[in-house]
Amino acid sequence: MVREVKEQDRDALLELYLFLHEDRIPDCTDRLMETWKQILDDVNHHIIVYEQDGRIISSCVCVIIPNLTRGVRPYAFIENVVTHSDYRGCGFATACLNYARQIAVENDCYKMMLLTGSKKEETLNFYKKAGYNSEDKTAFIQWL
């Protein structure tokens, strides 16, 4: 089942992020709890999860960004696309991305964007198959 994250999903989501790029689950500090609450309270911040048998096995984040161009239409940014390694290739991340697309359409977004740090051909092909292209824009990142 694909759905938006619930408050009680925090620990399971943080555990899933170990399959993204994290090397440990962060300590449950005030900063973590404040950030979690801020995300949950933000109507433009959507954490989408795929749950199977009570376990969160895939997720992505979709943030709707208000915009003054393109007819004052917002755009969506997709981040933190991840699937537990035991469940890859089964369509769960695609289901999460499709749910994010639905959110973007409902919010009248004119585009969706995502970045990936992966250079793996299978990852890049996954995003192409999901409807994303790498020809229209050039991404630059400045790490802080």
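It should be noted that the structure appears before, not after, this text.
Computed from a prediction, not measured in an experiment: that's the story for all the values here.

Draft legend 1. Main features of a nonpolar patch on the surface. There is a patch of nonpolar side chains on the surface, built from Leu115, Ile141 and Trp143 and spanning about 390 Å² of accessible area. Within the element layout of this structure, Leu115 appears in the loop between strand E5 (112-114) and helix H4 (121-129). Owing to a relative accessible area of 34%, Leu115 belongs among the partly exposed residues under this scheme.

Draft legend 2. Inspection of unusual backbone geometry at higher detail. Even without being a glycine, Arg70 presents a positive backbone phi close to 55°. For Arg70, the position within the fold is in the loop between strand E3 (55-65) and strand E4 (75-83). In this model, Asn80 sits at a positive phi of 55°, which is unusual for a non-glycine residue. Relative to the helices and strands, Asn80 resides in strand E4.

Draft legend 3. Focus on the nonpolar core. Formed by 20 residues in total, the largest nonpolar core has its most connected members in Ile48, Cys60, Cys62, Ile78, Val81 and Leu97. Elements that contribute at least two residues to this core include exactly strand E2 (45-52), E3, E4 and helix H3 (92-106). Tallying contributions element by element places H3 first for this core, with seven residues. Setting aside residues up to four positions removed in sequence, Ile78 forms contacts with Cys60, Val61, Cys62, Leu97, Ala100, Met112, Met113, Leu114, Leu115 and Tyr132. Membership of the second largest hydrophobic core comes to 13 residues, among which are Leu14, Leu32, Ile39 and Val49.

Rules used throughout
Residues numbered from 1 in each chain as written. Predicted model: local features only at pLDDT ≥ 70, side-chain atom pairs only at ≥ 80, totals over all residues. Heavy atoms only, no water. Patch = residues over 30% accessible without salt bridge, like charges linked within 9 Å, V, L, I, M, F, W, Y side chains within 5 Å. Areas by Shrake-Rupley, 256 points an atom, 1.4 Å probe, with all protein chains shown as cover. Salt bridge = Lys/Arg side-chain N within 4 Å of Asp/Glu carboxyl O. Helix = DSSP H or I, 4+ residues; strand = E, 2+ residues; numbered from the N terminus. Buried < 20%, exposed > 50% of the residue type's maximum accessible area, 1.4 Å probe, protein only. Core = buried A, V, L, I, M, F, W, Y, C linked by side-chain atoms within 4.5 Å. Contact = heavy atoms within 4.5 Å.

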